[in-house]
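Architecture and fold: a report
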Amino acid sequence: MPRSAAQTAALLASPDDTEAQFYEALQHADLDHLMALWADDEEVACVHPGGPRIVGLAAIRAAFEAVFQRGAVSVHPERVRRLHSGDCAIHHVLERVQLHGEAQQSWVIATNVYLKTALGWRLVLHHASPGSAGDVQELVADAGTLH
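Note that the structure is a prediction, hence the values are computed from the model and not measured. (Residues numbered from 1 in each chain as written. Predicted model: local features only at pLDDT ≥ 70, side-chain atom pairs only at ≥ 80, totals over all residues. Heavy atoms only, no water.)

If you walk through the whole model with that rule in mind, you get three aromatic pairs. Judged by centre distance (6.4 Å) and plane angle (85 degrees), the ring pair of F22 and F64 falls under edge-to-face. Of this pair, F22 sits in helix α2 (residues 15-27) while F64 is found in helix α4 (residues 57-68), placing the two residues 42 residues apart along the sequence. Each member of the pair, F22 together with F64, is buried. Taking the centre distance of 6.2 Å and the plane angle of 40 degrees together, the rings of F64 and F68 count as tilted. Of this pair, F64 and F68 both sit in helix α4, separated by four residues, roughly a single helical turn. F68 carries the same exposure label as F64, and that label is buried. Connected via pairs of aromatic rings, a cluster forms that spans F22, Y23, F64 and F68. (Phe/Tyr/Trp six-rings, centres within 6.5 Å; stacked < 30°, edge-to-face > 60°. Helix = DSSP H or I, 4+ residues; strand = E, 2+ residues; numbered from the N terminus. Buried < 20%, exposed > 50% of the residue type's maximum accessible area, 1.4 Å probe, protein only.)

Put into structure tokens, the structure is as follows:
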């Protein structure tokens with residue numbers, strides 16, 4: 001039975017809720033669930049690793065449909081860093097990806113941007129870039145002492 005708008009909004013009560021559902025949808029190749037997480041705005045955008053910018057819900061749907069033709073994406077978010085201000089949240093994520101039918105894992109660096117809407121927190125941008133095993137060791141500048 002499909003969820004009502006109120007039920008869906010309750011499930012997207014925070015950017016973390018939306019992000020968890022995003023990765024769950026990828027892991028289950030659930031295109032409808034994945035698309036329900038996006039804001040209802042034609043300016044939403046997605047960039048797959050090494051790919052072009054994809055703008056608009058129809059184009060994003062087509063891109064993920066092509067990805068899911070090869071099966072679910074075994075992707076697990078790690079080392080999430082969060083910036084939250086008002087109705088906008090930005091998550092910088094290191095994604096551990098298990099390639100289809102391969103034992104080897106790869107790494108992707110992603111930025112997920114969420115916007116608080118009347119229907120809960122929605123995804124407005126997913127930008128992923130190829131990463132490397134070296135990305136597991138984050139480089140964090142020591143702010144030091146300001147005088």
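Back to the text.
Let us now look at the pattern of salt bridges. Counted by the stated rule, this structure contains three salt bridges. Linking D32 and R61 is a salt bridge whose minimum nitrogen-to-oxygen distance equals 2.6 Å. A residue pair is termed long-range when its members are at least 10 positions apart, and D32 in helix α3 (residues 31-36) and R61 in helix α4 qualify at 29 residues. Among the salt bridges present, the one from R96 reaches E78, with a minimum N-O distance of 2.5 Å. One end of the pair, R96, is in strand β4 (residues 88-98); the other, E78, is in strand β3 (residues 74-85), with 18 residues separating them in the sequence. According to the relative accessible area criterion, R96 is partly exposed, its value standing at 25%. (Salt bridge = Lys/Arg side-chain N within 4 Å of Asp/Glu carboxyl O.)

The sheet built from six strands is open, its strands ordered β2-β1-β6-β5-β4-β3 with mixed pairing. Of all the strands in the sheet, just β2 (53-55) and β3 have a single pairing partner and so form its edges. Neighbour-to-neighbour, the strand axes of this sheet turn through a mean angle of 25 degrees, independent of strand direction. Relative to β2, strand β1 (residues 45-47) runs antiparallel, the two being bridged by three bridges. In the strand pairing of β2, V47 is matched with R53. Strands in contact with α4 are β1 and β2; relative to β2, the strand with the most contacts, it is inclined by about 125 degrees. (Pairing = 2+ DSSP bridges. Axes fitted to C-alpha atoms, helices over the stretch in contact; angles between N-to-C directions. Contact = heavy atoms within 4.5 Å.)

You can see T18 is positioned in helix α2. When its relative accessible area of 1% is taken as the criterion, T18 is described as buried. When neighbours within four sequence positions are excluded, T18 is seen to be in contact with L12, L37, Y114, W121, R122 and L123.

Here the focus is α2. Owing to its 3.6 residues per turn, the α-helix brings residues three or four apart onto one side. The end-to-end C-alpha separation of α2 is 18 Å, in line with the 18 Å expected for 13 residues at 1.5 Å each. By the burial criterion, the buried members of α2 are P15, T18, E19, Q21, F22, Y23, A25 and L26. Positioned one or two residues after α2, A29 has a phi angle of 50 degrees, which is positive. (Expected span 1.5 Å × (residues − 1).)

Attention shifts here to the pairing of β4. If a strand is regular, its side chains alternate between the two faces of the sheet. Relative to β4, β3 runs antiparallel, the two sharing 10 bridges. For H84, the partnering residue across the bridge sits in β4 and is A89. The antiparallel hairpin formed by β3 and β4 contains two residues in its connecting segment, where G86 sits at a positive phi of about 60 degrees. Direction of pairing for β4 relative to strand β5 (residues 105-117): antiparallel, over a ladder of 11 bridges. Looking at β5, one finds that I90 is bridged to V113.

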